[in-house]
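# Working through the structure, step by step
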Amino acid sequence: ASFATEERLDHPLRALWQPKIEHPAGNWARPGEAEVEFVVHKSGQVVLAETVAATDPALGAIAENAVQRWVFAQPTAQGKPVLVRVDKTVDFPDE
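Rules and cut-offs
- Residues numbered from 1 in each chain as written.
- Predicted model: local features only at pLDDT ≥ 70, side-chain atom pairs only at ≥ 80, totals over all residues.
- Heavy atoms only, no water.
- Pairing = 2+ DSSP bridges.
- Helix = DSSP H or I, 4+ residues; strand = E, 2+ residues; numbered from the N terminus.
- Axes fitted to C-alpha atoms, helices over the stretch in contact; angles between N-to-C directions.
- Contact = heavy atoms within 4.5 Å.
- Buried < 20%, exposed > 50% of the residue type's maximum accessible area, 1.4 Å probe, protein only.
- Arc of directions from axis to C-beta.
- Polar contact = N/O pair within 3.5 Å; in protein donor to acceptor, adjacent residues only side chain to side chain.

Let us now look at the pairing of strand 3 (residues 46-54). Pairing geometry for strand 2 (residues 32-40) and strand 3, over six bridges, is antiparallel. Counted as the bridge partner of E37 is E50 from strand 3. Linking strand 2 to strand 3, which pair antiparallel, is a turn of five residues; within it G44 sits at a positive phi near 100°.

What follows is the structure, encoded as structure tokens:
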């Protein structure tokens, strides 16, 4: 399958459902981030989410699991539904 990039879309990706990503349970005091690469299917569902890098493996797993539940409006390029590869950094600020 070929993938479009966000730059080639007719309109920017629009999240329909994107709940806030929570810090890990317990006494998590460290800020951090996780970079997740994923594909938005023609239906708007996220598929093939994978952590590319994370300051802590636990943050990578949390970010990846959350991203897999996100839903977007159908992505199109030149008026046709497309698969879109996305690279997103998820921040976990100090709480």
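Quick look at the sheet that holds strand 7 (residues 84-92) now. With antiparallel pairing, three strands are arranged side by side in an open sheet as 3-2-7. Each having just a single partner strand, strand 3 and strand 7 make up the two edges of the open sheet. Along the sheet, successive strands turn relative to each other by an average axial angle of 25°, direction set aside. As defined by bridge partners, strand 2 adjoins strand 7 across nine bridges and the pair is classed as antiparallel. Residue pairing in the sheet places A34 in a bridge with V90 of strand 7. On top of the sheet, helix 1 (residues 57-67) reaches strand 2, strand 3 and strand 7; it is set at about 35° to strand 2, its chief contact.

Before going further, it helps to spend a moment on helix 1. Along helix 1, the positions that sit buried rather than exposed are L59, G60, A63, A66 and V67. For helix 1, the arc enclosing every buried residue in end-on projection is 135°, short of the 170-degree limit, so these residues lie on one face. Where helix 1 begins, one side-chain oxygen reaches toward the backbone nitrogen of A58, 2.7 Å away; that side chain belongs to D56.

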